Amino acid sequence: MNIFRLSGDLSHLAAIIILLLKIWKSRSCAGISGKSQLLFALVFTTRYLDLFTSFISLYNTSMKLIYIACSYATVYLIYMKFKATYDGNHDTFRVEFLIVPVGGLSFLVNHDFSPLEILWTFSIYLESVAILPQLFMISKTGEAETITTHYLFFLGLYRALYLVNWIWRYYFEGFFDLIAVVAGVVQTILYCDFFYLYVTKGKYSTSIV
């Protein structure tokens, strides 16, 4: 494992922990898109079905279980424990506009036409756009708490580091996955505006407009 993949994994984990701590400490999920979190839970569920079929390493298995557990814990906090604080009036993105096209694309463009491979491809495509309900929600409210932007920043950093990881693996291992790279580029582009806002405003205010 190279340093860029490890850093990407740690950035991803940091984003998830930041979000969970934000909800738990404030006892509120205001400003958080439950639909995005449901999509991420679906992403991890469909991607890590290989937990039942193969073992790569203790690190790999542990991280997969952590991602799955944390994603469902977040969904539970939003839709169950702190449901009264969930802002459903602004979380109105039509997720079927993401799931249906992504599902169709995963059947048409994949590495191997098998159930596990199609579901893995589906998870890669879906992850690239799963943050859209959160971005849409922020666009409707007009601002985001700084802590929410920290979450988005580390999530975007994770994808950017994984792009560098793909470049590293191509040059030093001869490995290249076009599906993962293209999806990663799309996802990173969606975060670019927040990278700018985070650097220029995130450290000096309690919310970002």
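About the cut-offs
- Residues numbered from 1 in each chain as written.
- Predicted model: local features only at pLDDT ≥ 70, side-chain atom pairs only at ≥ 80, totals over all residues.
- Heavy atoms only, no water.
- UniProt positions renumbered as here; feature names shortened; annotations may be inferred.
- Helix = DSSP H or I, 4+ residues; strand = E, 2+ residues; numbered from the N terminus.
- Contact = heavy atoms within 4.5 Å.
- Patch = residues over 30% accessible without salt bridge, like charges linked within 9 Å, V, L, I, M, F, W, Y side chains within 5 Å.
- Areas by Shrake-Rupley, 256 points an atom, 1.4 Å probe, with all protein chains shown as cover.
- Salt bridge = Lys/Arg side-chain N within 4 Å of Asp/Glu carboxyl O.
- Phe/Tyr/Trp six-rings, centres within 6.5 Å; stacked < 30°, edge-to-face > 60°.
- Buried < 20%, exposed > 50% of the residue type's maximum accessible area, 1.4 Å probe, protein only.
- Lys NZ or Arg CZ within 6 Å of the ring centre and 35° of its normal.
- Core = buried A, V, L, I, M, F, W, Y, C linked by side-chain atoms within 4.5 Å.

You'll find the protein chain entered in an unreviewed UniProt entry as ER lumen protein-retaining receptor, with Nothoprocta perdicaria given as the organism. You can read under Sequence similarities (unreviewed entry) in the UniProt record for the protein chain the words "Belongs to the ERD2 family."

A. Structural view of the environment of Lys-35. Relative to the helices and strands, Lys-35 is located in helix H2 (residues 34-47). Separated by 57 residues in sequence, Lys-35 and Thr-92 place their C-alpha atoms 8.4 Å apart. Among all residues touching Lys-35, those that are not within four sequence positions of it are Tyr-79, Tyr-86, Asp-91, Thr-92, Phe-93, Val-95 and Pro-133.

B. Quick look at a nonpolar patch on the surface. A cluster of nonpolar side chains, contributed by Ile-167, Trp-168, Tyr-170, Tyr-171, Phe-172, Phe-176, Leu-178, Val-182 and Val-186, occupies part of the molecular surface with about 980 Å² of accessible area. For the nonpolar patch, the secondary-structure elements that each account for two or more residues are helix H7 (146-173) and helix H8 (178-201). Element by element, the count of residues in the nonpolar patch is highest for H7, at five residues. Mapping Tyr-171 onto the fold places it in helix H7.

C. Structural detail: the packing of aromatic side chains. By the definition in use, this model includes 15 aromatic pairs. Ring geometry for Phe-44 against Tyr-48: centres 6.0 Å apart, planes inclined by 5°, an arrangement best described as stacked. A single burial state applies to Phe-44 and to Tyr-48, both of which are buried. Of note, Arg-27 hangs over the ring of Trp-24, and the distance from its end group to the ring centre comes to 4.6 Å.

D. Representation of the nonpolar core in the model. Counting residues in each nonpolar core, the largest one holds 47 residues, and the members touching the most others are Phe-40, Ile-131, Tyr-151 and Leu-155. Of all elements in the fold, only helix H1 (3-26), H2, helix H3 (58-81), helix H4 (96-108), helix H5 (115-129), helix H6 (132-141), H7 and H8 reach the threshold of two or more residues within this core. Every residue in contact with Leu-155, bar those within four places of it in the chain, is listed here: His-12, Ala-15, Phe-40, Ile-131 and Tyr-191.

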